[in-house]
Amino acid sequence: MAGSVSSGGRRGRWQPKAEINVTPFVDVMLVLLIVFMITAPLLAVGVPVELPETEARSMPADEEPLTVTIGANGEIFLQETAVELDQLVPRLRAIGGTGYDGRIFIRADEAADYGSVVRVMARISASGYTNLGLVTDPISTGSRAGTSDDN
């Protein structure tokens, strides 16, 4: 219990202070902040794909970008909604209006057909969306680094 020595009256007598101890509150808020900082990126995209691993560094993201995902079987998703290739551009235009200056991330499963990925990228690029980015996973140490298939 906090107390103070009063300057007037009897000397040496302790008076209780009516102050709120905010230290436990700050501790709880910092823990919650760390939890949200860790879990927020994991909740960004909900379509599961096996991304190829590269040595490229991640780019900073200031805002949540539009994401086009191409599954292993060639299925196309805009954010988390499945779309046909013919409907991709009209949906992007509906989201972006007359134009979209933000980056559009393309996530393609490692087993996806190269032609499918190129067709999606060409369709998006031909529609006026020029700020495209490919999403990959960083190479984990000891996974595929330094291995070869020349056996």
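Residues numbered from 1 in each chain as written. Predicted model: local features only at pLDDT ≥ 70, side-chain atom pairs only at ≥ 80, totals over all residues. Heavy atoms only, no water.

1. Things to note about the environment of Gly128
Note that Gly128 resides in the loop between helix H3 (114–126) and strand E8 (132–135). On the basis of relative accessible area, Gly128 is assigned to the exposed category, the value being 51%. Placed 35 residues apart in sequence, Gly128 and Arg93 show a C-alpha to C-alpha distance of 9.6 Å. (Helix = DSSP H or I, 4+ residues; strand = E, 2+ residues; numbered from the N terminus. Buried < 20%, exposed > 50% of the residue type's maximum accessible area, 1.4 Å probe, protein only.)

2. Focus on the nonpolar core
Core analysis: the biggest nonpolar cluster contains 16 residues, and Val68, Ile70, Leu88, Leu92, Ile104, Val120 and Ile124 have the highest contact counts within it. At the level of elements, strand E4 (66–70), strand E5 (76–78), helix H2 (85–96), strand E7 (104–108) and H3 are the ones that each hand at least two residues to this core. (Core = buried A, V, L, I, M, F, W, Y, C linked by side-chain atoms within 4.5 Å.)

3. Here's the deal with the pairing of E7
Of all five residues in E7, five are buried; the element is thus mostly enclosed. Neither face of E7 is open: one carries Ile104, Ile106 and Ala108, the other Phe105 and Arg107, and all of them are buried. The handedness of the E7 to E8 crossover, carried by H3, is right-handed. (Right-handed = clockwise from strand over helix to strand, strands pointing away.)

4. Digging into the confidence of the model for the protein
Residues at a pLDDT of 70 or more form 66% of the protein, whose mean pLDDT is 76. Averaged over each element, pLDDT in the protein is lowest for strand E1 (residues 3–5) (53) and highest for helix H1 (residues 23–39) (90). Low confidence marks residues 143–151, where pLDDT is under 50. Its contacts with residues over four positions away, or in another chain, come to four contacts. (pLDDT = per-residue confidence, 0-100. Contact = heavy atoms within 4.5 Å.)

5. Here's the deal with the pattern of salt bridges
Counted by the stated rule, this structure contains two salt bridges. Where Asp86 meets Arg123, a salt bridge forms, and the shortest distance between an N and an O atom there is 3.4 Å. Of this pair, Asp86 sits in helix H2 while Arg123 sits in helix H3, placing them 37 residues apart in sequence. Taking relative accessible area as the criterion, Arg123 reaches 33% and is therefore assigned partly exposed. Arg119 is the salt-bridge partner of Asp113, the closest N and O atoms lying 4.0 Å from each other. (Salt bridge = Lys/Arg side-chain N within 4 Å of Asp/Glu carboxyl O.)

6. Observations concerning H3
With 13 residues, H3 extends 18 Å between its outermost C-alpha atoms, agreeing within 8% with the 18 Å of an ideal straight helix rising 1.5 Å per residue. Along H3, the residues that are buried comprise Ser116, Val117, Val120 and Ile124. Along the axis of H3, the buried residues cluster in a sector spanning 100 degrees; they form a single face. Residues of H3 that are exposed and angled more than 90 degrees away from the buried face: Tyr114 and Ala126. Positive phi appears at Gly128, one or two residues downstream of H3, with a value of about 105 degrees. (Expected span 1.5 Å × (residues − 1). Arc of directions from axis to C-beta.)

7. Re the pairing of E4
Along E4, five of the five residues are buried, which leaves the element largely enclosed by surrounding structure. The side-chain alternation of E4 yields two buried faces, one formed by Leu66, Val68 and Ile70 and the other by Thr67 and Thr69. In terms of strand pairing, E4 meets E7 through five bridges, oriented parallel. If you follow Val68 over to E7, its bridge partner there is Ile106. With three bridges joining them, E4 and E5 adopt antiparallel strand pairing. The residue bridging Ile70 from the neighbouring strand is Ile76, located in E5. Counting the residues between successive antiparallel strands, the hairpin from E4 to E5 contains five residues, one of them, Gly74, with a positive phi of roughly 90 degrees. (Pairing = 2+ DSSP bridges.)

8. Side note on a nonpolar patch on the surface
Together, Ile20, Val22, Phe25, Val26, Val28, Met29, Leu30, Leu32, Leu33, Phe36 and Met37 make up a nonpolar patch on the protein surface, roughly 1,100 Å² of accessible area in all. With respect to the helices, strands and loops of the structure, Val26 is situated in helix H1. (Patch = residues over 30% accessible without salt bridge, like charges linked within 9 Å, V, L, I, M, F, W, Y side chains within 5 Å. Areas by Shrake-Rupley, 256 points an atom, 1.4 Å probe, with all protein chains shown as cover.)

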